[in-house]
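# Chains, contacts and geometry: an overview
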Amino acid sequence: MKAVGLHPDVIVVTSRFWQTTCTLVRSGTEAFCIDSPVLPDELELLPAIAAQAEFRVVGCLATHADWDHLLGRYGFGDAPLGLAESTAARLRNEPGAAQRELRDFDEENYVERPAPLVLSAPQSLPVPGHCGIGERELELHPTEGHTLDGMAIRIPWAEVVIVGDYVSPVEIPWISASGSASAYLATLDRLEPLVAAAGHVVPGHGTPLDGERALAILREDRAYLEALVERGADAPLPLARRTGAQRKIHAENVERVTPAR
Ligand SMILES: [Zn+2]
């Protein structure tokens, strides 16, 4: 697991699995853990990383309800979990889904957890909106298209934007069963000014990006999605992301944009 400081109040750790990112953000004597690494040893290490940097974690947030972003409480068991209204609603409507998918992943990869995942009583946050931390506030912006739920989180004093599963250097836009290409494109339009003004952008998967690189990826993603809608399977993948795994995601995307016959 890699840890980098983007600002005195912002640390990003990147998981060895799927390069899933987790951001620790601090204001004064309060800190939040946003999203999560995937592997148990990484989650176990999180409190030590936070303590060493003098981040007192009092809450967990997640950008969306996919299980790989929901594991923060393995590191900070007592911290309340804050979610976008759309994400809290998705968890309510799919009871046990995240736990089931985590269990499937763990069985498939021979991973052992110290305990089952507990997601009880998440706090639902209005999005767009703000979330207080210490003396300051985080900005919450709606995201959808990858899934039907989610939020991007901007840390204004650090000029950092945490976008969830959008604008990734390692993953092409992924339209999951509940997502849609048009919603995804609308989200990219919404994120564009935030990304353009950001010092750093933290994608859900992959290393943190400077604003300029993130903006270039956002535009590649938009071009890919527009081509996907028009040309389906023939849409070219972004040049730096033409791996076997990304071709599988592309095949899934093609299914989603092709009307059922
Ligand atoms: Zn993800």
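Parameters at a glance
- Residues numbered from 1 in each chain as written.
- Predicted model: local features only at pLDDT ≥ 70, side-chain atom pairs only at ≥ 80, totals over all residues.
- Heavy atoms only, no water.
- 1 Å grid on protein atoms, 1.4 Å probe; cavity = no way out; pocket = protein on both sides within 12 Å on 5 of 7 lines; lining within 4 Å.
- Points joined across faces, edges and corners; volume = space filled by probe spheres on them.
- Helix = DSSP H or I, 4+ residues; strand = E, 2+ residues; numbered from the N terminus.
- Nonpolar A, V, L, I, M, F, W, Y, C, P; charged D, E, K, R; others polar.
- Expected span 1.5 Å × (residues − 1).
- Bend = angle between axes of the 7 residues up to and from the residue.
- Donors = N, O, S within 2.8 Å, 3.2 Å for Na, K, Ca; no water.
- Buried < 20%, exposed > 50% of the residue type's maximum accessible area, 1.4 Å probe, protein only.
- Axes fitted to C-alpha atoms, helices over the stretch in contact; angles between N-to-C directions.
- Parallel < 35°, antiparallel > 145°, perpendicular 65-115°, else oblique.
- Left-handed = near helix turned anticlockwise from the far one by under 90°.
- Contact = heavy atoms within 4.5 Å.

## A look at the layout of surface pockets
In this structure, the largest pocket encloses a volume near 670 Å³. What lines the largest pocket is a set of 24 residues, among which W18, D66, D68, E171 and W174 lie closest to the centre. If one sorts the elements of the lining of the largest pocket by residue count, helix α6 (residues 244-257) sits on top with four residues. Across the lining of the largest pocket, the residue classes tally to nine nonpolar, seven polar and eight charged.

## Here's the deal with helix α1 (residues 40-52)
A rise of 1.5 Å per residue sets the reference length of α1, with its 13 residues, at 18 Å; its end C-alpha atoms lie 19 Å apart and thus fit the reference within 8%. By the largest-angle criterion, L46 marks the main kink of α1, which is about 30°, and a proline, P47, follows within four residues. One or two residues past the end of α1 sits E54, with phi positive at roughly 60°.

## Considering the coordination of the zinc ion
D68 (OD), H69 (NE2), D165 (OD) and H205 (NE2) make up the full set of protein donors to the zinc ion, lying at 2.1 to 2.8 Å. Each donor residue of the zinc ion belongs to the same chain, with the gaps between them written as D-H-x95-D-x39-H. The residues D68 and H69 share a single accessibility class, namely buried.

## Thoughts on empty space enclosed by the protein
With the rule as written, the count across this model stands at three cavities of 30 Å³ or more. For the largest cavity, the calculated volume is near 50 Å³. Lining of the largest cavity is provided by H146, D165, Y166, V167, S168, E171, I172, P173, W174, Y184 and D221. Here the residues of the lining of the largest cavity sort into six nonpolar, two polar and three charged.

## Describing unusual backbone geometry
Note: most residues except glycine have negative phi, and most peptide bonds are trans. Looking along the chain, the bond that leaves V127 and enters P128 is cis, with omega of 5°. Looking at the secondary structure, you find P128 in the loop between β7 (123-125) and β8 (129-133). For E159, which is not glycine, the phi torsion reads 55° and is therefore positive. Locating E159 in the fold gives a position in the loop between β10 (151-155) and β11 (160-164).

## Observations regarding the packing of helix α4 (residues 181-197) against helix α5 (residues 211-231)
Two packed helices can be described by the angle between their axes and the distance between those axes. For the pair α4 and α5, interaxial distance at closest approach is 10 Å and the crossing angle is 160°. Classified by the interaxial angle, the pair formed by α4 and α5 is roughly antiparallel. Seen along the crossing, α4 lies across α5 with a hand that is left-handed. Between α4 and α5, the contacting residues are A181, Y184, L185, L188, D189, L191, E192, V195 and A196 on the first element and G211, A214, L215, L218, R219, D221, R222, L225, E226 and V229 on the second. Tallied by class, residues from the contact of α4 with α5 come to 12 nonpolar, one polar and six charged.

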